[in-house]
Every structure is written in C-alpha cells, then in structure tokens.
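Reading the structure
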Amino acid sequence: MAKICFGIDVGGTTVKCGMFTTDGTLLDKWEITTRTENGGENVLPDIAATVISKLRLKGYKDEDCAGIGVGIPGPVMRGVVPVAVNLHWGEKNVEYELSQLTGMKVRAANDANVAALGEAWKGGGEGKKEIIVVTLGTGVGGGIIIDGTIVEGLHGAGGEIGHMHVDDNITALCNCGHSGCLEQVASATGIARLAREELALHPEYTGDLRTGEVTAKAVFDAYKEDDPLATRVVNRFAKYLGTALANIAVVIDPEIIVIGGGVSRAGECLTDIVGNYYRSIAFSSCANTPIVLARLGNDAGIYGAAKLVLGKL
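Okay, so let's go over this structure.

Observations regarding the pattern of salt bridges
Evaluation of the coordinates by the stated rule reveals 14 salt bridges. K58 serves as the salt-bridge partner of D28, at 3.7 Å between the closest nitrogen and oxygen. With D28 in strand β3 (residues 26–33) and K58 in the loop between α2 (43–57) and β4 (65–72), this pair connects stretches of sequence that are 30 residues apart. Here K29 ties to D299 by a salt bridge, and the two come within 2.8 Å at their closest N and O atoms. A residue pair is termed long-range when its members are at least 10 positions apart, and K29 in strand β3 and D299 in the loop between β12 (291–293) and α11 (300–310) qualify at 270 residues. The network of salt bridges with shared partners includes R193, E197, E198, R232 and R236.

Structural data, given as structure tokens:
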C-alpha cells in the first residue's frame, strides 16, 4: 500500500517540492531552481530527478509512492497545458511526460486551483467540501472546490475570480486585456491604486500615506490606527471583494470562504470588514457563510498538489 506522495508547486523562479504521507503529514520540503531556458525543456526532467533522488534518499521504493501532483502557473485541461508563459512552454502534456520520466502516477492542475485544494485539505477550509478560496497578492487568484473536487471548467478557467467584472467606471486595462476586474481593486497593487486615487482627491490629507510608500500593507496599518483616508480605501476594497464573494456564493453556496495571499496578513480586521459587506448583500441562505483566513501560506501549493494525486477530499 502506498505510504507517501509528492506535491510540486512550479513557479517561474523556483519549484517548491514536498514529500507527504498519504494522510497529509509533511515529511520534507525543499526547492529547486526553475530552469526556463530553451523553452523550459529542463523543468519536468529536473522535477523527475529531484523526486526520484528524494525517494531513494529517504529509503522508499517506487511502490511506496502514490504519485506526484503538480501545480502549474497556467491553464491545465485534463493534464495538458496549452501554454505557460512564465515557463516558456507551448502545449505540453505534463501528466504524460512526467509519468514517462518517473514511472509514477501524475496529476496536474492550475497552481491557484491547487493552492485552493491545499487550503481545503489541511488549511483554513479543512473538513469542508464546498469551498471558495481567494488569494490576494500581486493579483487576485482563487479556486472553487465542489464536493471535494476542483472546478476547472472546459478551458481550465474555473476559479479565475480575479477577472470578475466589478466596476464599469475603470478604464485602465487589466493584465487580462479587459477593464474593471476584481484584480484591479482587490489585489495588493489594486489596493495601492485605490489609495493613490484617494490621495489625489484629498490634497488636504497629511497622514502617513501622504509621506510614506503607498502599499497595501501601509494602507491596512493606517486603517488599524483609524486613519480616515485609509478607512475609505479599505471600505472601497471590502465592498468590491464582499460583493464579488456574495455573487459567487449565490451560485456555489459554499460551506466556507477562505482568504489568503499576502494581503491576508492584515489579519482578522480584513475578514471582519469584508464579511460585513458580504453579509449585507448576500442571499439570505448564504449570508452566514464563515469567511476565514488561510493557514498554509506559501505551502498551500505543495499540499494541494499532493492531495491532487490522492483524489478528492
């Protein structure tokens, strides 16, 4: 019977790797460099080599391993990546190629979806099967878990929460090519953008955000000190995100909503204010859905990738 599995989170700079027991105990974690030169031809062979090396080093046999789960920074459809720009990949059948290199079972999915699965398995959503996970970082990512399974969709775009349209008045283009996306107002860069807009509208303001670097962290730090401009910014952010979550919830009817990413380091003040806006507009049956902070941090991807190869929650 299989004893262990591997969770791999592929990034543009590093590949995070984890060895787990099949019940979810993290035995070891490490990183290797993502070699993207020559069309990223070394990425999968390097993953295969480090997995096999770790398996041997820890004294396990091939039959002890349930397989390898992989999170990829790009859309994944039934194990095939049509394109992964940060890895310099065109179409690549990740599951087939890595399985050929290792002789092991392989399952692959989009990295944001995989991180959501990690939080669902051993993080903020542990024990739940109907979950929305949203990650607030440089962009806004996320994942939707229904009946313990990632919702990927026909084109691998399931869970692209950051590209929900939330504001007709925004004319600047999002990275997706459209405008008015949640990512433009709820990511770390989006919160800073809202703050700069408020600073331009209120020349009389002389607080910390006028003199210091305008970042999401600075905004929330000032908000905790009852800074009036920061309070306006956080309220705008919370209204956008709370509305988006209420719209998703009325379709999904989740057991729990988990918020992660760098912005979530603001702590419970973030879930409190987002929750207030969410509850004020959410459909009555969904209004009391708990909104909690993620727990796994940067390890969510390796946990989720491991669970990917083990099967549904």
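Considering the sheet that holds strand β10 (residues 149–150)
Taken together, five strands build an open sheet; the order of strands is β10-β9-β8-β11-β12 and the sheet is mixed. In this open sheet, the two strands that pair with only one neighbour each are β10 and β12. Both strand β8 (residues 131–136) and strand β9 (residues 140–146) contribute to a ladder of six bridges, which runs antiparallel. The partner of V134 across the bridge, within β9, is G142. Contacts from helix α4 (residues 111–122) reach β8, β9, β10 and β11 (256–260) within the one sheet, and its direction differs from that of β9 by about 55°.

Concerning the side chain of S187
Structurally, S187 can be placed in the loop between α5 (183–186) and α6 (188–201). Among the polar contacts made by the side chain of S187, one reaches the side chain of T189 at a distance of 3.0 Å. Reaching out from S187, the side chain makes a polar contact with the backbone nitrogen of G190 at a distance of 2.9 Å. Ignoring anything within four residues of it in the chain, the contact list for S187 reads G137, T138, G139, V140, L182 and V263.

Details of the packing of α4 against α11
At a closest axis distance of 6 Å, the pairing of α4 and α11 adopts a crossing angle of 85°. In this view, α4 runs roughly perpendicular relative to α11, as classed from their interaxial angle. Residues V114, A115, L117, G118, E119, W121 and K122 of α4 lie in contact with α11, whose contacting residues are A300, G301, Y303, G304, A305, A306, K307, L308 and L310. The residue inventory of the contact of α4 with α11, partitioned by class, reads 10 nonpolar, three polar and three charged.

Calculation notes
Residue indices begin from 1 for each chain and proceed along its sequence in written order. Only residues with pLDDT of at least 70 get local features here, since the model is predicted, and only at 80 or more are side-chain atom pairs given and counted; chain-wide, interface and lining totals rely on the full set of residues. By convention in this description, side-chain values take in all heavy atoms of the structure and omit both hydrogens and water. By definition, a salt bridge exists where a carboxyl oxygen of Asp or Glu is found within 4 Å of a side-chain nitrogen of Lys or Arg. We count a stretch as a helix when DSSP gives it H or I for four or more residues in a row; a strand needs E for two or more, and each element gets its number in order from the N terminus. For two strands to count as paired, DSSP must find a minimum of two bridges between them. Contacts were defined at the residue level, with two residues in contact if any of their heavy atoms lie within 4.5 Å. A fitted line through C-alpha atoms serves as each axis, taken over the contacting stretch for helices, and the angle formed by two N-to-C directions is quoted from 0 to 180°. Here a polar contact is taken to be a pair of N or O atoms separated by no more than 3.5 Å, where protein atoms must pair a possible hydrogen donor with a possible acceptor and residues adjacent in sequence count only if both atoms sit in side chains. Each angle gets one of four labels, with under 35 degrees taken as roughly parallel, over 145 as roughly antiparallel, 65 to 115 as roughly perpendicular, and the rest as oblique. Ten residues, namely Ala, Val, Leu, Ile, Met, Phe, Trp, Tyr, Cys and Pro, are considered nonpolar, four, namely Asp, Glu, Lys and Arg, are considered charged, and the remaining ones, Gly among them, are considered polar.

Everything listed is a geometric property; what it means functionally is a separate question.
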